[in-house]
Amino acid sequence: RGPSFLWGILPSALFPDIVIRPKPVVINARAGLVWDVLLDFDRYGEWNPFHRKVDIVEEDGVGGTVVSVRMTVEMGPLLGTLVSTEKICYVDSNRYIFMYSAAHPSALRMVWLEPVAVDRTVFHSYDMIGGYPALFSRGHIVGVVHRGFTAQHEALRARVHALASMEGGKAG
């Protein structure tokens, strides 16, 4: 197998993956409205306490599809503000799945919506940090990230509920 095989498995063996999975939240609105809020990057600063700002930094030349974003993340008083460029890996608007990763290939975030009724949606998220970044992310950072994404879940629910009530109910 050679040295490249060892180099490929060594980081995972030394630094096992970290998985961060906040509790899903139920949002009393149709999935389409929740999806619209999730993909409205320009307005993240209005409602999201964790991702304070999201700038589109690259779009493809054909359909204007967003390819990468720069996220400003509030990591608390000890760690301060982190700015990270993330590559959008997958978007499925029919099944409400959105996935992106950091510049290094060992960090991945996936969010998805589970429509459970016409006016009720469950928001899920899953984060994985692997390889050498996992070494630096254990302990305090995992707690900060988990609290940040939990706050994001709650803020998303509040934002969507406010928008739904302004539009005259749960439709949107």
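Preceding this section is the structure that the text describes.
These numbers come from a predicted model, not from an experiment.

Caption draft 1: Broad picture of the nonpolar core. Counting residues in hydrophobic clusters, the biggest one holds 35 residues, and the most contacted among them are Ile27, Leu38, Leu113, Phe123, Leu156 and Val160. Among the elements that take part in this core, helix H6 (residues 140-166) stands out by supplying seven residues, more than any other. Apart from residues no more than four positions distant in its own chain, leucine 38 is found in contact with Tyr44, Val111, Leu113, Phe123 and Leu156.

Caption draft 2: How the structure looks around the pairing of strand S6 (residues 97-102). Most of S6 is tucked away, with six of its six residues classed as buried. Going residue by residue along S6, you find Ile97, Met99 and Ser101 tucked away on one face and Phe98, Tyr100 and Ala102 tucked away on the opposite face as well. Bridging between strand S5 (residues 81-92) and S6 involves six bridges; their strand directions are antiparallel. Its bridge partner being in S6, lysine 87 is matched across the sheet by serine 101. Connecting S5 to the next strand, S6, in antiparallel fashion are four residues, including tyrosine 96 with a positive phi near 60°.

Caption draft 3: Representation of the packing of aromatic side chains within the structure. According to the stated counting rule, one finds six aromatic pairs in the structure shown. Between the aromatic rings of phenylalanine 50 and phenylalanine 149, the centroid separation amounts to 4.9 Å while the plane-to-plane angle is 75°, which identifies the pairing as edge-to-face. Of the two residues, phenylalanine 50 sits in the loop between helix H3 (44-47) and strand S3 (51-59) while phenylalanine 149 sits in helix H6, which places them 99 residues apart along the sequence. The same class applies to phenylalanine 50 and to phenylalanine 149, which are both buried.

Caption draft 4: Molecular detail of H6. If you check H6, its first and last C-alpha atoms are 39 Å apart, about what 27 residues at 1.5 Å a residue would give, namely 39 Å. When we look at burial in H6, the residues that qualify are Val144, Val145, Gly148, Phe149, Gln152, His153, Ala155, Leu156, Arg159, Val160 and Ala164. Following H6 by one or two positions, glycine 168 has its phi on the positive side, about 90°.

Caption draft 5: Representation of the pattern of salt bridges in the model. One pass over the structure, following the stated rule, counts six salt bridges. The residue aspartate 40 makes a salt bridge to arginine 43 at a minimum N-O spacing of 3.3 Å. Note on arginine 43: relative accessible area 41%, which makes it partly exposed. Between glutamate 46 and arginine 43 there is a salt bridge, with its nearest N and O atoms 3.2 Å apart. Residue glutamate 46 is classed as partly exposed on the basis of its relative accessible area of 48%. Overlapping salt bridges, with partners in common, bring together Asp40, Arg43, Glu46 and Arg159 in one network.

Definitions and limits used
Residues numbered from 1 in each chain as written. Predicted model: local features only at pLDDT ≥ 70, side-chain atom pairs only at ≥ 80, totals over all residues. Heavy atoms only, no water. Core = buried A, V, L, I, M, F, W, Y, C linked by side-chain atoms within 4.5 Å. Buried < 20%, exposed > 50% of the residue type's maximum accessible area, 1.4 Å probe, protein only. Helix = DSSP H or I, 4+ residues; strand = E, 2+ residues; numbered from the N terminus. Contact = heavy atoms within 4.5 Å. Pairing = 2+ DSSP bridges. Phe/Tyr/Trp six-rings, centres within 6.5 Å; stacked < 30°, edge-to-face > 60°. Expected span 1.5 Å × (residues − 1). Salt bridge = Lys/Arg side-chain N within 4 Å of Asp/Glu carboxyl O.

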